[in-house]
Amino acid sequence: MSDYQAEKRVVRDFHTALEAAQGTAIADVLSAHCAPDLLWRGYHPFHELQGPDAVAAQFWNPLRTSLTRLQRREDVFMAGENRADGQAGVWVVSMGHLMGLFDRPWLGIPPTGKLAFLRYCAFYQVEGGTITETALYFDLPQLMVQAGLQPFPPQTGAQLVQPGPLTHDGLLFDPQPAAEGNRTWACIASMIADLGQWQSGLPIHEELARSWTKDMLWWGPTGIGATYTIPRYVAQHSGLFRASFAERTKTRHLCRVAEGHYGGFFGWPNFTARPTGGFMGMPATGKAGDFRVIDIYRREGDKLAENWVFIDLLHFWNQQGVDILARCTAAPQG
C-alpha cells in the first residue's frame, strides 16, 4: 500500500486552518504550515512568490476579501513520490473549486454579488512535516466569464462549472495499493510518449485510442472548453491545437505523481511552441510561447478516462503581446 498519510495530514490540516482563518490570521496560518522560504508558483498575474507573508498578502488575503464565505469543494486528493526525471520528494495534490460569494473586485474583475466558482489545482511538496513548495494553478478566465466578461473569442468546447470524477472516488484520504498507482503512471507515461511530440506516425484518432477510452472526458480551461469522446476531442481541441503550433519542445515536468486510479503532473513551463496558425480564434504571432499546465487524470482499466486541464492562457497571450486581463478589466473611457 502507498504510505503518504503523514504528508496528506499536513496538507489537510493546512486547508482546515486556512479556511477557518480571517484577516491577518491567514498569514499566521501560512507561516505555521509552510517553510519560511516557501516557493509558490501561480498563474498570471502572480507568477512566483517567495515566503508565506508574500503569498498571504498578494494572493490569499485579496481573494478571501473578494470571495466571501469561501469554501473548498474538493474533487481529487492524492499523493505520491515525484516521478519526474531528476526530481524527488513527496507531493500532495488537491483539485476542485474554491466557492464563495463574489462580493468585491478581485484583480479588476467586477463582483457579481452571486455565487462564484474558481477552478483550482494545487501541488504541495511536503518535507519534514512542512510545505516547502506549492504550485497553485487556477482558471481565472472561468471566473471572468462568471462576472460577465468575455476574455476570449467563442471557444470550441463547452463552458461550464466542471464536475469531479464520474466515479466519485477521487478523494484518496486512505492508503492505496501501490500497484494501482504504478499502473496509472504507466498509462500516463505512454500517453505522454505519443502526445508529447506529435510523432507517433498514426492518424490522430488511432493515436489517441491507444491511451484513451472511447468516452474520454477532457475538462479544458475557459477559452478552449470541455469536450467528450475521442472524435469530439479531436474536432474541438486536439486536432486544432496541433494544426496551430510548430516547433513544440520536449515535454518537461517539475512533478509527476500517481496514486490509485489517479495521477498528474505540472511544469513551469511544460513545453514551448510557436503559433503558426490561428489559436482560440486569434491570429498567429509567430512568437514562441510557454505553456504552464497542470493535468490530472483518472484511469479506467488500462486507459485514461478523464483529464482535468489547467493552462495559464493569460500568461501565454501576454507573451504574444496581448494582456487579456488588463484589456477586460480596464475602466471604460468617458
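Structural notes, computed from the coordinates. Computed from a prediction, not measured in an experiment: that's the story for all the values here.

Thresholds applied
- Residues numbered from 1 in each chain as written.
- Predicted model: local features only at pLDDT ≥ 70, side-chain atom pairs only at ≥ 80, totals over all residues.
- Heavy atoms only, no water.
- Helix = DSSP H or I, 4+ residues; strand = E, 2+ residues; numbered from the N terminus.
- Rg over C-alpha atoms; globule rule 2.2 N^0.38 Å.
- Buried < 20%, exposed > 50% of the residue type's maximum accessible area, 1.4 Å probe, protein only.
- Contact = heavy atoms within 4.5 Å.
- Areas by Shrake-Rupley, 256 points an atom, 1.4 Å probe, with all protein chains shown as cover.
- Pairing = 2+ DSSP bridges.
- Arc of directions from axis to C-beta.
- Salt bridge = Lys/Arg side-chain N within 4 Å of Asp/Glu carboxyl O.
- Core = buried A, V, L, I, M, F, W, Y, C linked by side-chain atoms within 4.5 Å.
- Axes fitted to C-alpha atoms, helices over the stretch in contact; angles between N-to-C directions.
- Parallel < 35°, antiparallel > 145°, perpendicular 65-115°, else oblique.
- Left-handed = near helix turned anticlockwise from the far one by under 90°.

### Here's the deal with the overall build of the protein
Counting secondary structure elements, the protein contains 9 helices and 15 strands. Radius of gyration (C-alpha) of the protein: 19 Å, near the 20 Å computed for a compact globule of 334 residues. Looking at the 334 residues of the protein, the share that counts as buried comes to 56%. In the protein, the share of contacts with a sequence separation of at least 24, taken over all contacts with a separation of at least 6, comes to 67%. Counting only carbon and sulfur atoms, one obtains 53% of the accessible surface of the protein, whose full area is about 13500 Å².

### What to know about the pairing of strand 15 (residues 303-311)
Burial analysis of strand 15 places 8 of its 9 residues in the buried class, the great majority of the element. Relative to strand 15, strand 7 (residues 212-219) runs parallel, the two being bridged by 4 bridges. Paired with Leu217 across the two strands is Glu306, which belongs to strand 15. As paired elements, strand 14 (residues 293-300) and strand 15 share 8 bridges and run antiparallel to each other.

### Let's talk about helix 2 (residues 25-33)
All of the buried residues along helix 2 are Ile26, Ala27, Val29, Leu30 and His33. Each buried residue of helix 2 sits inside an arc of 160 degrees when the element is viewed along its axis, so together they form one side. Turned more than 90 degrees from where helix 2 packs its buried face, Asp28 and Ala32 sit exposed.

### Details of the pattern of salt bridges
Going through the model one piece at a time under the given rule, you end up with 14 salt bridges. Across the pair Asp139 and Arg119 runs a salt bridge, and its minimum N-O distance is 3.2 Å. With Asp139 in the loop between strand 6 (130-138) and helix 4 (140-146) and Arg119 in strand 5 (residues 115-127), the pair connects residues that are 20 residues apart, well separated along the chain. No difference in accessibility class separates Asp139 from Arg119, as the two residues are buried. Here Glu306 and Arg298 are joined by a salt bridge, their closest N and O atoms 2.8 Å apart. Judged by its relative accessible area of 4%, Arg298 falls in the buried class. Connected through shared salt-bridge partners, Arg41, Glu48 and Glu133 make up one network.

### Quick look at the nonpolar core
Formed by 104 residues in total, the largest nonpolar core has its most connected members in Trp60, Phe123, Phe138, Phe279, Phe291 and Ile296. For this core, the leading source of residues is strand 5, giving 8 residues. Setting aside residues up to four positions removed in sequence, Trp60 forms contacts with Leu18, Ile26, Leu30, Val55, Leu70, Arg72, Leu98 and Leu136.

### What about the packing of helix 2 against helix 3 (residues 52-66)?
One can describe the packing of helix 2 onto helix 3 by two numbers: an axis separation of 9 Å at closest approach and a directional angle of 135 degrees. On the basis of the axis angle, helix 2 is oblique to helix 3. As for how helix 2 packs across helix 3, the hand of that crossing is right-handed. Here Ile26, Ala27, Leu30 and Ser31 of helix 2 come into contact with helix 3, specifically with Pro52, Asp53, Val55, Ala56, Trp60, Asn61 and Arg64.

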